[in-house]
Amino acid sequence: QGTLMNLADDDRSDHIASAYGQVEYRLHPQVRLVGALRFDDGNLFEPQFSPKAAIVYSPSEHHSLRLTVNRAFMTPNYSEWFLQVAAGAPVNFSALEAGLRANPSLGPLLAGVPVGTLFNPGNIVPVLALGNRDLVPEETLGWEVGYKGNITRRLYVSLDLYTATLKNF
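Residues numbered from 1 in each chain as written. Predicted model: local features only at pLDDT ≥ 70, side-chain atom pairs only at ≥ 80, totals over all residues. Heavy atoms only, no water.

Caption draft 1: Inspection of the overall build of the protein chain at higher detail. From N to C terminus, the protein chain includes 2 helices and 8 strands. Counted from the first residue to the last, the protein chain has its helices and strands arranged as β-β-β-β-α-β-α-β-β-β. Each of the three principal axes of the protein chain carries a C-alpha extent, and together these read 85 × 35 × 30 Å. Across the 169 residues in the protein chain, those meeting the buried criterion constitute 19%. Across the protein chain, every contact between residues at least 6 apart in sequence was considered, and the portion connecting residues at least 24 apart equals 52%. When the accessible surface of the protein chain is totalled, it reaches about 12,000 Å², and 61% of it is carbon and sulfur. Side-chain charges in the protein chain split into 13 positive and 16 negative, and the spacing between the mean points of these groups amounts to 13 Å. (Helix = DSSP H or I, 4+ residues; strand = E, 2+ residues; numbered from the N terminus. Buried < 20%, exposed > 50% of the residue type's maximum accessible area, 1.4 Å probe, protein only. Contact = heavy atoms within 4.5 Å. Areas by Shrake-Rupley, 256 points an atom, 1.4 Å probe, with all protein chains shown as cover. Lys, Arg positive; Asp, Glu negative; His and termini not counted. Charge placed at Lys NZ, Arg CZ, Asp CG, Glu CD.)

Caption draft 2: Highlighting the pairing of strand β7 (residues 138-150). Relative to β7, strand β4 (residues 63-74) runs antiparallel, the two sharing 12 bridges. The partner of Arg71 across the bridge, within β7, is Leu141. Alignment of β7 against strand β8 (residues 156-167), held across 12 bridges, turns out to be antiparallel. Residue Leu141 lies in a different strand from β8, and its bridge partner there is Thr165. (Pairing = 2+ DSSP bridges.)

Caption draft 3: Highlighting the side chain of Asp40. By secondary structure assignment, the location of Asp40 is in strand β2 (residues 31-42). For Asp40, a relative accessible area of 2% puts it in the buried group. In terms of polar contacts, Asp40 uses its side chain to reach the side chain of Ser18, at 2.3 Å. Here the side chain of Asp40 touches Arg38 through a polar contact of 2.7 Å, side chain to side chain. With sequence-adjacent residues up to four places away left out, Asp40 is seen in contact with Ala17, Ser18, Phe45, Glu46, Pro47, Gln48 and Phe73. (Polar contact = N/O pair within 3.5 Å; in protein donor to acceptor, adjacent residues only side chain to side chain.)

Caption draft 4: Molecular detail of the sheet that holds strand β1 (residues 16-28). Across the sheet, 6 strands lie side by side as β1-β2-β3-β4-β7-β8; this open sheet has antiparallel pairing. The outermost strands of the open sheet, each flanked by one partner alone, are β1 and β8. On average, adjacent strands in this sheet sit at an angle of 15° to one another, irrespective of strand direction. Sheet topology places β2 next to strand β3 (residues 48-60); 10 bridges connect them, and they run antiparallel. (Axes fitted to C-alpha atoms, helices over the stretch in contact; angles between N-to-C directions.)

Caption draft 5: Spotlight on the environment of Val136. Residue position: Val136 is located in the loop between β6 (124-130) and β7. You can call Val136 partly exposed: its relative accessible area is 43%. Sequence spacing of Val136 and Ile151 is 15 residues, and the spatial spacing of their C-alpha atoms is 45 Å. Among all residues touching Val136, those that are not within four sequence positions of it are Pro76 and Asn168.

Caption draft 6: Inspection of the packing of aromatic side chains at higher detail. Going through the model one piece at a time under the given rule, you end up with 5 aromatic pairs. Between Trp81 and Phe82 the ring centres are 6.0 Å apart and the planes differ by 40°, which places this aromatic pair in the tilted class. Among the aromatic residues, those joined into a cluster by ring pairs are Tyr78, Trp81 and Phe82. (Phe/Tyr/Trp six-rings, centres within 6.5 Å; stacked < 30°, edge-to-face > 60°.)

If you want it as structure tokens, here you go:
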């Protein structure tokens, strides 16, 4: 209670469940295939699968190269979904209403609307920062290439390059 969330959502009780598994298969003494799958489900988003596949080449026990492709997602957080907090002082739209009523084209259309009620009672309109209940999880499809190795007994190097395509961002 007393959070920045809409009062109707202040007493929420949501759930998320996940399962993860990974397998590795040695194709050749120097080549491994890796596959992983994560499954997530909850009451705030549709079920999500996050697969990952990689091939790892290790020419020696001290060096390896990796190519990976994976899909991942990120759900909106509670603030992105349910926020409702004042973002500034309320705004008085009385002057705007007076201008609209004085307009020769719009004034007659507003004749049936009581003065001072066009925008809100008293024309005082709250300024709010609101969440968006229609947000869906962001998705990413990523590709990675990586190297790791012991250059000397005291020097270890890791280099990773990646690119990702974002959706629903």
